[in-house]
Amino acid sequence: MPQLVRPDMAQMASFIDALHEGYSRDTLREETPETIAAIADAPQWYLRSLHNPPTTIVLPDGTLGPRAPETHLWYVEGDEFLGSISARHSLTPVLEQWGGHIGYAVRPSAQGRGYASAMLALMLDHVREHLPLDRVTLTASLKNPASIRVIEKNGGVFRDEVDHPWVPGDRGRRYWIALC
Ligand SMILES: CC(C)(COP(=O)(O)OP(=O)(O)OC[C@H]1O[C@@H](n2cnc3c(N)ncnc32)[C@H](O)[C@@H]1OP(=O)(O)O)[C@@H](O)C(=O)NCCC(=O)NCCS
């Protein structure tokens, strides 16, 4: 049975396979042979960067913004990497509009098996137990019906529609999920 774990060397080879397969760490930035090689050449460094993330982030418009503290977990079965999910502990103005508290991705070869829905349910339990949040915000692009379904299956309550801050013409649905 798959479980959420802290990123670990045990699943690193499978994680790198997932990157080659088309899994991307960021919905706005696709992986390139160079970004994958940087991880494959220094996997311990990459793991350390996941466990100690930077406090700033280069935004898609090239400006430097604050990076919300987050808990980043991998969804794994044994040594196989299946996907990842992050829970931000607080929201920046950008994340309030788009991105929200929780973001997730499942590697292409593992999609359509209920993993994102299961991962989100487990992460909601984790947040309930470990973070002082009464509710979380989640957003999904109108172009991503699978993600909309994942949120609604986990009790997402529709709040409003919002414009994507960086992608002209993209709109999304914003949801709350109550935690108490
Ligand atoms: C979105 C994503 C996480 C879904 O992962 P997944 O493991 O395939 O999702 P699940 O199998 O748990 O569930 C998907 C649900 O959406 C439904 N679905 C899939 N494609 C659909 C479509 N085109 N229209 C409507 N519903 C769709 C599935 O039928 C399923 O619902 P069901 O359980 O009622 O049958 C995955 O496609 C992904 O990683 N995409 C890239 C990253 C991303 O977009 N992340 C979300 C933004 S934070």
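Residues numbered from 1 in each chain as written. Predicted model: local features only at pLDDT ≥ 70, side-chain atom pairs only at ≥ 80, totals over all residues. Heavy atoms only, no water.

Caption draft 1: Spatial organisation of the sheet that holds strand β8 (residues 157-163). Taken together, the 3 strands give an open sheet; going across it, the order is β7-β9-β8, and neighbouring strands pair in antiparallel fashion. Among the strands making up the open sheet, the edge pair consists of β7 (135-141) and β8. For this sheet, the mean inter-axis angle between neighbouring strands, taken without regard to orientation, is 25°. Note that β8 and strand β9 (residues 171-178) share 6 bridges and pair antiparallel. Of the residues in β9, the one forming a bridge with Glu161 is Arg173. (Pairing = 2+ DSSP bridges. Helix = DSSP H or I, 4+ residues; strand = E, 2+ residues; numbered from the N terminus. Axes fitted to C-alpha atoms, helices over the stretch in contact; angles between N-to-C directions.)

Caption draft 2: Layout of the packing of aromatic side chains. Summed over all chains, the structure comprises 9 aromatic pairs. For the pair Phe15 and Phe81, a centre-to-centre distance of 5.0 Å together with 85° between the ring planes defines the contact as edge-to-face. Here Phe15 is found in helix α1 (residues 12-21), whereas its partner Phe81 is found in strand β5 (residues 80-88), with 66 residues between them in sequence. Ring plane angle 65° and centroid distance 5.6 Å describe the contact between Tyr75 and Tyr115, whose orientation is recorded as edge-to-face. Taken together, the residues Tyr75 in strand β4 (residues 70-77) and Tyr115 in helix α5 (residues 115-130) connect sequence positions 40 residues apart. Within the aromatic cluster, the residues linked to one another by ring pairs are Phe15, Tyr23, Trp45, Tyr46, Trp74 and Phe81. The lysine or arginine in question, Arg135, covers the ring of Trp176, its NZ or CZ lying 3.5 Å from the ring centre. (Phe/Tyr/Trp six-rings, centres within 6.5 Å; stacked < 30°, edge-to-face > 60°. Lys NZ or Arg CZ within 6 Å of the ring centre and 35° of its normal.)

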